[in-house]
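Per-entry structural report
For reference, the chains in residue letters:
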Amino acid sequence: MAGPSPQPYYTPISKPAANAHVNTWKRNNLYSLVLITILCSLSYLFGVWQHGGATTSFTTPSNVGSTPPCVLPENTTTSIATTASKTSNSKALDFSSHHSADDRGIGKVSGGSAKVYPPCDVKYSEYTPCEDPKRSLKFSRSRLIYRERHCPAKHELLKCRIPAPYGYRNPFKWPLSRDLAWYANVPHKELTVEKAVQNWIRYEGDRFRFPGGGTMFPNGADAYIDDIGKLINLKDGSIRTAIDTGCGVASWGAYLLSRNILAMSFAPRDTHEAQVQFALERGVPALIGVLASKRLPYPSRAFDMAHCSRCLIPWGQYDGVFLTEVDRVLRPGGYWILSGPPIRWRKYWKGWQRTREDLNKEQTGIEQVAKSLCWKKLIEKDDIAIWQKPANHTQCKKLKKVYNSPAFCPNQDPDKAWYTNIETCLTPLPEVSDGEEIAGGRLEKWPKRLNAMPPRISTGTVNGITPQTFQKDSQLWERRISYYKTVNNQLGQAGRYRNLLDMNAFLGGFAASLVEDPVWVMNVIPVEAKVNTLGVIYERGLIGTYQSWCEAMSTYPRTYDLIHADSVLTLYKDRCEMEDILLEMDRILRPEGSLIIRDDVDTLVKAKRIADALNWDSQIVDHEDGPLEREKLLFAVKSYWTAPASSDQDDSKTS
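Residues numbered from 1 in each chain as written. Predicted model: local features only at pLDDT ≥ 70, side-chain atom pairs only at ≥ 80, totals over all residues. Heavy atoms only, no water.

Heads up, the rule is: UniProt positions are given in the numbering used here, feature names are shortened, and annotations may be inferred rather than shown by experiment.
In the nomenclature of an unreviewed UniProt entry, the chain corresponds to Methyltransferase from the organism Coffea canephora. The chain has a UniProt comment under Sequence similarities (unreviewed entry) that states "Belongs to the methyltransferase superfamily."

**Observations regarding the sheet that holds strand β17 (residues 631–638)**
Rule in force here: The pairing criterion is simple: DSSP has to find at least two bridges between the two strands. Numbering of helices and strands starts at the N terminus; helices are DSSP runs of H or I of at least 4 residues and strands are runs of E of at least 2. Simply put, an axis is a line fit to the C-alpha atoms, just over the touching stretch for a helix, and the angle between two N-to-C directions goes from 0 to 180 degrees. Should any heavy atoms of two residues lie within 4.5 Å, those residues are counted as being in contact.
Here seven strands make up an open sheet; going across it, the order is β13-β12-β11-β14-β15-β17-β16 and the pairing mixed. Because the sheet does not close on itself, it has two edges, and the strands there are β13 (544–547) and β16 (616–621). Here the strands of the sheet are splayed against their neighbours by 15 degrees on average, with no regard to which way each runs. Seen against the sheet, helix α14 (residues 467–487) touches β14 (560–566), β15 (589–600), β16 and β17 and runs at an angle of roughly 50 degrees to β17. Across the face of the sheet, helix α18 (residues 578–588) comes into contact with β11 (499–502), β14, β15, β16 and β17 while running at roughly 145 degrees to β15.

**Re the pattern of salt bridges**
Rule in force here: Salt bridges are counted wherever a side-chain nitrogen of Lys or Arg sits within 4 Å of a carboxyl oxygen of Asp or Glu. Three labels apply to residues, based on accessible area from a 1.4 Å probe with only protein chains included: buried if under 20% of the type maximum, exposed if over 50%, partly exposed otherwise in between.
Counted by the stated rule, this structure contains 40 salt bridges. Salt-bridge contacts for D304 lead to R331; the nearest nitrogen and oxygen are separated by 3.9 Å. Here R331 lies in strand β8 (residues 330–339) and D304 lies in strand β7 (residues 303–309), a separation of 27 residues in the sequence. Grouping residues by exposure puts D304 and R331 together as buried. For K389, the salt bridge goes to D327, with nearest N and O atoms at 4.0 Å. Here the residue K389 occupies a position in the loop between β10 (384–388) and α11 (394–400), and D327 occupies one in helix α8 (residues 321–329), the gap between them amounting to 62 residues. Take K389 and D327: they sit in the same class, and that class is buried.

**Describing the confidence of the model for the chain**
Definition in use: Looking at any residue, its pLDDT shows the predictor's confidence there, from 0 to 100.
Of all residues in the chain, 80% attain a pLDDT of 70 or more, and the chain-wide mean is 85. Long-range and interchain partners of residues 1–27, a stretch whose pLDDT sits below 50, account for eight contacts in this model, where long-range means more than four residues apart. A low-confidence stretch, residues 50–94 stays under pLDDT 50, and its non-local contacts, those more than four residues away or across chains, total 67 contacts.

**Side note on the packing of α18 against helix α19 (residues 601–613)**
When two helices pack together, their arrangement is given by the angle between the helix axes and the distance between those axes. Convention followed: Note that the term roughly parallel is reserved for angles under 35 degrees, roughly antiparallel for angles over 145, roughly perpendicular for angles of 65 to 115, and oblique for everything else. Crossings are sorted by hand: turned counterclockwise from the far helix by less than a right angle, the near helix makes the crossing left-handed, and turned clockwise it makes it right-handed.
Remark: α18 packs on α19, axes separated minimally by 10 Å, with the N-to-C direction vectors making an angle of 55 degrees. It follows that α18 is oblique to α19 by the angle criterion. In this structure, the crossing between α18 and α19 has a hand that is right-handed. Facing α18, whose interface residues are M578, E579 and L582, α19 presents T603, K606, A607 and I610.

**Regarding the state of the cysteines**
What counts is decided by this rule: Sulfur atoms of two cysteines make up a disulfide when they are within 2.5 Å.
A complete count under the given rule lists six disulfides for this structure. The disulfide bridge from C120 ends at C160, spanning 2.0 Å between sulfur atoms. Judged by the sign of its S-S torsion, about 100 degrees, the bond between C120 and C160 is right-handed. In this pair, C120 sits in the loop between α2 (74–88) and α3 (133–136) while C160 sits in the loop between α3 and β1 (180–182), placing the two residues 40 residues apart along the sequence. The class for C120 is buried, based on a relative accessible area of 8%. Using a relative accessible area of 16% as the deciding quantity, one classes C160 as buried. Each disulfide pairs two cysteine sulfurs, and for C409 the partner residue is C425, the sulfurs being separated by 2.0 Å. In this structure, the disulfide formed by C409 and C425 twists by about 100 degrees around the S-S bond and is classed as right-handed. Remark: C425 occurs in the loop between α11 and α12 (448–451) and C409 occurs in the loop between α11 and α12; sequence separation between them is 16 residues. In this structure, C409 and C425 share a single accessibility class: buried. Along the chain, the cysteines that take part in disulfide bonds pair up as 1-4, 2-3, 5-6, 7-8, 9-10, 11-12, counted in sequence order.

**Considering the side chain of E131**
Heads up, the rule is: Positive residues here are Lys and Arg, negative ones are Asp and Glu, while His and the chain termini are left out of the count. Nitrogen and oxygen atoms within 3.5 Å of one another constitute a polar contact, given that in protein one can donate a hydrogen and the other can accept it, and given that sequence-neighbouring residues count only through two side-chain atoms.
Here E131 shows up in the loop between α2 and α3. Although buried, E131 forms no salt bridge, and the nearest oppositely charged side chain, R149, lies 4.1 Å from it. A polar contact of 2.6 Å, which involves the side chain of E131, links it to the side chain of S554. Once residues within four sequence positions are removed from consideration, E131 is found in contact with R149, R269, I288, M553 and S554.

**With respect to empty space enclosed by the protein**
Rules: Residues are called lining when one of their atoms sits within 4 Å of a cavity or pocket point, these points coming from a 1 Å grid over the protein atoms alone, where a cavity is a set in which a 1.4 Å probe fits but cannot get out and a pocket is an open set with protein on both sides within 12 Å along at least five of seven lines. Grid points are joined across faces, edges and corners, and a volume is the space filled by probe spheres set on the points. Three classes are used: nonpolar for Ala, Val, Leu, Ile, Met, Phe, Trp, Tyr, Cys and Pro, charged for Asp, Glu, Lys and Arg, and polar for all others, with Gly counted as polar.
Counted according to the given criterion, the structure contains three cavities of 30 Å³ or more. Considering only enclosed or pocket space, the largest cavity measures out at about 60 Å³ in volume. Lining the largest cavity, in full, are R295, T324, E325, R328, C409, Q412, I422, E423, C425 and T427. Here the lining of the largest cavity is composed, by residue class, of three nonpolar, three polar and four charged.

**A closer look at a nonpolar patch on the surface**
How we decide: A patch consists of residues exposed above 30% relative accessible area that lack any salt bridge, with like charges linked at up to 9 Å and nonpolar side chains (Val, Leu, Ile, Met, Phe, Trp, Tyr) linked at up to 5 Å. All accessible areas in this document rest on Shrake-Rupley with a 1.4 Å probe, and a residue is counted as covered only by the protein chains that are shown.
Residues L399, V402 and Y403 make up a contiguous nonpolar surface patch of roughly 340 Å² in combined accessible area. Within the fold, Y403 resides in the loop between α11 and α12.

**What to know about the packing of aromatic side chains**
Using the following cut-off: In this scheme Phe, Tyr and Trp rings, the latter by its six-membered ring, pair at centre separations within 6.5 Å, and the angle between planes marks the pair as stacked below 30 degrees, edge-to-face above 60, and tilted otherwise.
Enumeration according to the criterion identifies 20 aromatic pairs in this entry. Taking the centre distance of 4.2 Å and the plane angle of 20 degrees together, the rings of F172 and W182 count as stacked. Here the residue F172 occupies a position in the loop between α3 and β1, and W182 occupies one in strand β1, the gap between them amounting to 10 residues. By relative accessible area, F172 is classed as buried at 15%. Judged by centre distance (5.8 Å) and plane angle (50 degrees), the ring pair of W336 and W375 falls under tilted.

**Structural notes on unusual backbone geometry**
Residues P341 and P342 are joined by a peptide bond in cis, for which omega reads 5 degrees. Looking at the element boundaries, P342 is found in the loop between β8 and α9 (345–348). In this chain, W446 is followed by P447 through a cis amide linkage whose omega measures 10 degrees. Considering the arrangement of structural elements, one finds P447 in the loop between α11 and α12. Positive phi, normally seen in glycine, also occurs at L312, with a value near 65 degrees. You can see L312 is positioned in the loop between β7 and α8. Residue L312 is classed as exposed on the basis of its relative accessible area, which comes to 71%. Within the chain, E592 stands out as a residue other than glycine whose phi angle is a positive 70 degrees. Within the secondary structure, E592 sits in strand β15.

Written out as structure tokens, the structure reads:
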């Protein structure tokens, strides 16, 4: 036992020094401080050991932001964090639908009662809020404006959970899903009748089969792509990103994947029932979209190749505005491929039930628009015509002195593309020093392109993003994905997930770290983000879109197998309601799909309450750097449930 030292005795032969009492007091005080420090340290270590031993660490408001009773040496703190982090992940979490997390009361709303979001009516099973067919009828049919995004007002937002159709089943695993989909998941037979001759889709008992055919490739998309490959090089990695306008069931994009080409397919929600929904059910990237009055939600210079196979877009009309928009999103040196009317009209004009004069006029108009954009027509062979965009605008500027239409766009942001009007002017390419230079910088061929420094960063055109930022972000996401896979062990299992969404992608590090897995990621850059980095993501050979999460995404319910949201809830804290964002996540997530939400612990506590009300199985777990970080992660699984059987379905079961 340590204690205070005895005071020196006064004797006639031992007189105390003048400062003896002062020195004694200092020594006593020092010993007391040492003792208190040791006791505090032992108490703190015991507390960390006791609370860090649970499988999942839940941080409640009572201990958030609290200060330890004493200051520990730096190496001790690091050791504690590491030990707690390892301990908290010693047992794999269960992400199957029967899993139920103990939230220690976090999921309760004030007053003790739990809020519940009821199921929506079955009529909403395919509800797309911003492409609602009924709402669209209020808008102009000119230039298909009524098929653009028209979102509900705040008071019209649904506060219920969108049901899956009765009999819904987990999709076939990739690559089998490319060719098969369950009928119960997309119960529409219209295309099997309407497109029967064109070999788009067949109905076979309880499933659909996709033979790979299309309007202009009845022999299959594979053979059609091979024909394109005889005209331009699809094998050397120079073509990585593509856009398919009016994609049908996205067979072109589906078969490009085996060639390491990633296509963004889009089509409107129209009379061709559920074509984009079929594409997504097949595990192929797609969005609902249309070329009308607004720019496509992609940055400039995004795609290496654009494609239209009888997409019915009037390319030569409206002063060539639609082809001008394709030019904006096409990379310097990129290709535009057109098949179907009016190409090869001399052979097909009778079958197309159009006059030769009409088709000749249409093709002449397209040729004139392409020439005005300074494109070069490479070849027209059989049913396929291909144009190429120039590598820079050096010669184009000289031509514009003679042919001024369309003029170059003055003082515009070419990457701004969220409810931005399409213009008939030509988007200028970045300046070059000579006629041989590629505007905006040369890209590496795939797969080197993924980790090479994106030209937008190396040239300093993205505000605040340096090469060091890019390198650190890449390393960060390698570490984070590794951590995710220790918490959700199914993330590393081939076939468990296919369609992934990153709601705040920044530089695409999440997607880049998963590129070896059989998944694809839709990288979203929120329009409210401080820096627009979607162009960087495309320069890496990845795909994505712009989106405001105060509105619904242009996709069908049950699109994604896994949703990742990094600081999304904080970004929208003062912009819109958290429950509306989480309800949208629930809408676009498949039954038994997974979520990973990163955010401040206080924000996640609130999100956890809503997750419980949505009937998600969820857990809050520690940051990959340990329990001392305020940022935590919410891992969740959407429960499996469907709409009840209709009377017709009940009758078919009993018959």
